[in-house]
Amino acid sequence: MPYNIAMICDFFFPQPGGVESHIYQLSSKLIDRGHKVIIITHAYAGRTGIRYLTNGLKVYHVPFFVIYRETTFPTVFSFFPVFRNIVIREQIEIVHGHASLSNLCIEAILHARTMGLRTVFTDHSLFGFADAGSILTNKLLKFALSDIDHVICVSHTCKENTVLRASLDPLMVSVIPNAVVAENFRPLSNDSHNPRHRDAPGPPPRIGPHDTITIVVISRLFYNKGTDLLIAALPRILALHPNVRFIIAGSGPKAIDLEQMIERNVLQERVDLLGPVRHDEVRDVMVRGHIYLHPSLTEAFGTVIVEAASCGLYVVCTRVGGIPEVLPRHMTEFAAPEEDDIVAATGRAIAALRVGKVRTELFHNQVKQMYSWTDVAQRTERVYDGISGATSHDQFYQGAGAGGAWSATRGRAGVQSFALIERLKRYYGCGIWAGKLFCLCAIVDYLIYVVLEIFAPRSRIDLARNWPKKEFKDEKGRDVGSSKDDSGISRKRSARRREKRDEREESQESLI
Amino acid sequence: MAPPKQSLTVLQPTPSTVSFTVSTRPVPKTLPALFSFYLSVLVKILLGTLALTALWTKWRVNTAKSTWPLEIILGDTFEEWVQKAVESIQWMYLAPAALAILYKVIQRGYIESLLALSSLGLQTRTSSPTYLSTSTTRFIPTTAIQDIFIYEAFKGFEVRFYLAIVVKGEEDVVVVFPKLLPRRDVLEEVWRGARACLYGGEGGSGIRRKHEREKQEI
């Protein structure tokens, strides 16, 4: 069943970033699967009104004040009239918000529940619990997520974090990882058709004991990205291994410390500082190295290490946040987030490469099979099926909280119920004062909704025309239709395999 | 709160001329409708004169001047009666009330129209909202018309459709029916008709083409 979905987030193109590209990729893949997707964000300088992106992806840039780092001013209710208008004219059924720092998204979830729509929220980041900012954000998140149908997190660690922050039932939180566009991160050897890199020698099949190994670090140079660890470990790694060079790309407040360290140890010849690079240049930097070092202190998912592995780099990373879930063991060398262990892990990685134990040239295809946006879209679609009742409750939660009497997902929240009194019950449990405040907000929101229904009735809102849908290939059509019936995981696998077959067939055709 | 009812009239006197008129003015057809229309005009005139008379009399009475025209028209007793009535009402109530009545009386519905002349161009016209001013028209020759399309924009708290003409050498598009902003079905009819008239054939070749232009505020 195709759905009409609205993706809501403060962060969207033209601003670059991980959340932005996640929304864009997911939306375009969902459109490919026959759904209708619109994106609602706020107006950016030079990007206002209503726009269409590739494939008929419609973007509403709602005119709004921006207060801090592209986040809109939290007015709670002022967004409702416009939001209601858009939802009605586009016949939206599912509202999907992204990023917990996006005020627009949190407001939209509240309004959507008031209007009786299904809501999904995707969390992209990890947060602390201790400082004032986190406490405030967590309270706000708890408010928004008290009354929601389903939550998606990008990794299991992120799920754990979100469940704790918003006191959710773990059953209503799914994990759907990010993905990468593997075609954009090809290793050098797959790149021979590109004339620019024709003379560049591919990585030799075997690295001898005296060949130079290049270690790449691409990250913003911030405290939480572990730049201090890098600064401490780098001279020791270079002292231990004579034939090793470093390439470091990125900018940030710690750049100055890094430069001082290089000058103090006179390492200018062996460390290459590139400064900031654009996202489309990342691949060109990565393919110059053999090992990717990622000393981050906290990370919800770490798309960059997937990109590195896709470029055929062996990954050395810290065992923090969601990172251990991201890549299989044979692609990574883990270290505890401390100086000694990073030096040791890097040493192990260099030794492994020299011995030739690691088949880095296979990484690209493996990553390509593990991470694809089509797969992400499929899994997100399953969440939509589950919350809208297309998949039965038992099937969706795989037997947990079996139907009928009390179930964790419905029992805690009765998530399916839109009745105002049920919603108020959920909000009331948020805290002594906060609970009452949230109830008040929900009631005011409901009253606004009633007033809007009277003074701006639905009959006066024109329905927007849908973008003409592309005709799907028969194979794809069957794929979408038949896969509905199977249960989730087996379906995912089979669909993925089928796609692979499709691709192979296509490539054969092109060869002929 | 409900906006006044809009009606679309299409007039095609010759095959190469079409005029589309969107109006909020009532067009009486049946006898009772005709009767009530003239009655409302009469009531408007009466109310208008009443308001003007009240203002004028108040002024004459306040400045202690004679109100002889009233005597001629209404007679002695009525003049005295009107004077008393006006005197009993203070300026602070009389003036705003009279002005409000006058404002209501001179107001009339909008008429906006688009006249398409094959191989000549398009003429947009927006009538004035009152009886006191005239309408504004604009003619755009075919050579200056680059495109005519329907798109959406934010207006106030809602998203509205609008029909716009792209004029060569101008930064902003010309919005057709800028005051009334009719519903989508009306706009689509006008758009098809105008394109058919301008470019001939079945509504032009680009009938399915979507236009990726935007304009935030109309």
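Residues numbered from 1 in each chain as written. Chains lettered and ligands numbered in written order. Predicted model: local features only at pLDDT ≥ 70, side-chain atom pairs only at ≥ 80, totals over all residues. Heavy atoms only, no water.

**Student:** Just checking my understanding: could you explain the overall build of chain B for this structure?
**Tutor:** Regarding its fold elements, chain B presents 5 helices and 8 strands. Secondary structure elements in chain B, listed N-terminal to C-terminal, are β-β-α-α-α-α-β-β-β-β-β-β-α. The C-alpha atoms of chain B give 24 Å as radius of gyration, which overshoots the globular expectation for 218 residues (17 Å, by more than 25%). Across its three principal directions, the C-alpha atoms of chain B cover 75 × 40 × 30 Å. Across the 218 residues in chain B, those meeting the buried criterion constitute 37%. Put simply, of all contacts in chain B between residues at least 6 apart along the chain, 51% involve residues at least 24 apart. Treating the 25 positive side-chain charges of chain B as one cloud and the 19 negative ones as another, the clouds have centres 3 Å apart. (Helix = DSSP H or I, 4+ residues; strand = E, 2+ residues; numbered from the N terminus. Rg over C-alpha atoms; globule rule 2.2 N^0.38 Å. Buried < 20%, exposed > 50% of the residue type's maximum accessible area, 1.4 Å probe, protein only. Contact = heavy atoms within 4.5 Å. Lys, Arg positive; Asp, Glu negative; His and termini not counted. Charge placed at Lys NZ, Arg CZ, Asp CG, Glu CD.)

**Student:** How should the UniProt feature "domain: Glycosyl transferase family" (unreviewed entry) in chain A be read in this particular structure?
**Tutor:** Per the UniProt record, "domain: Glycosyl transferase family" (unreviewed entry) is annotated on residues 210–341 of chain A. With 34% helix and 23% strand, residues 210–341 of chain A has its two end C-alpha atoms placed 24 Å apart. (UniProt positions renumbered as here; feature names shortened; annotations may be inferred.)

**Student:** Looking at this model, I keep getting lost on the domain arrangement of chain B. Mind explaining?
**Tutor:** One frequently used descriptor of interface size is the decrease in accessible area upon assembly of the parts. You can read the domains of chain B as domain 1 (7–25 + 109–215) and domain 2 (31–106). Relative placement of domain 1 of chain B and domain 2 of chain B: their C-alpha centres are 42 Å apart. (Domains from an automatic or database assignment.)

**Student:** What's the story with the domain arrangement of chain A in this structure? I'm lost.
**Tutor:** All names here are of chain A. Per the domain assignment, the segments making up chain A are domain 1 (4–179 + 373–511) and domain 2 (182–370). Contacts between the two partners involve 15 residues from domain 1, matched on the other side by 11 residues from domain 2. Together, the buried faces of domain 1 and domain 2 total about 840 Å²; carbon and sulfur atoms form 55% of this surface. The largest per-residue losses of area from domain 1 upon contact with domain 2 belong to Leu126, Thr157 and Asn178, which jointly make up 39% of the total buried on that side. For the interface between domain 1 and domain 2, the tally reads 0 salt bridges. Those elements that provide at least two residues to the side of domain 1 that touches domain 2 are helix H5 (156–166) and helix H19 (488–511). Taken together, the residues that form the side of domain 1 that touches domain 2 break down as 5 nonpolar, 6 polar and 4 charged. (Buried area = accessible area lost by both parts, 1.4 Å probe. Salt bridge = Lys/Arg side-chain N within 4 Å of Asp/Glu carboxyl O. Nonpolar A, V, L, I, M, F, W, Y, C, P; charged D, E, K, R; others polar.)

**Student:** I keep staring at the packing of helix H3 (residues 103–114) of chain A against helix H16 (residues 420–428) of chain A and nothing clicks. Help me out?
**Tutor:** Two quantities define a packed helix pair, namely the angle between the axes and the distance from one axis to the other. All names here are of chain A. Close contact between H3 and H16 brings their axes to 11 Å; oriented N to C, the two are set at 150°. Packed against H3, whose contacting residues are Leu110, Arg113 and Thr114, the element H16 presents Arg423, Arg426 and Tyr427 at the interface. Of the residues contributing to the contact of H3 with H16, the split by class is 2 nonpolar, 1 polar and 3 charged. (Axes fitted to C-alpha atoms, helices over the stretch in contact; angles between N-to-C directions.)

**Student:** Is there a simple way to explain the UniProt feature "transmembrane region" (unreviewed entry) in chain B in this structure?
**Tutor:** The UniProt feature table records "transmembrane region" (unreviewed entry) at residues 35–56 of chain B. Helix makes up 100% of residues 35–56 of chain B and strand 0%. Its end C-alpha atoms lie 32 Å apart.

**Student:** Got a minute to help me understand the pairing of strand S12 (residues 244–249) of chain A in this structure?
**Tutor:** Residue and element names in this part refer to chain A. Within S12, 5 of the 6 residues are buried, leaving the element largely enclosed by the surrounding structure. The sheet contact formed by strand S11 (residues 213–218) and S12 spans 6 bridges and is parallel. What sits directly across from Ile218, in S12, is Ala249. In this fold, the crossover linking S11 to S12 by way of helix H6 (residues 227–240) has right-handed handedness. (Pairing = 2+ DSSP bridges. Right-handed = clockwise from strand over helix to strand, strands pointing away.)

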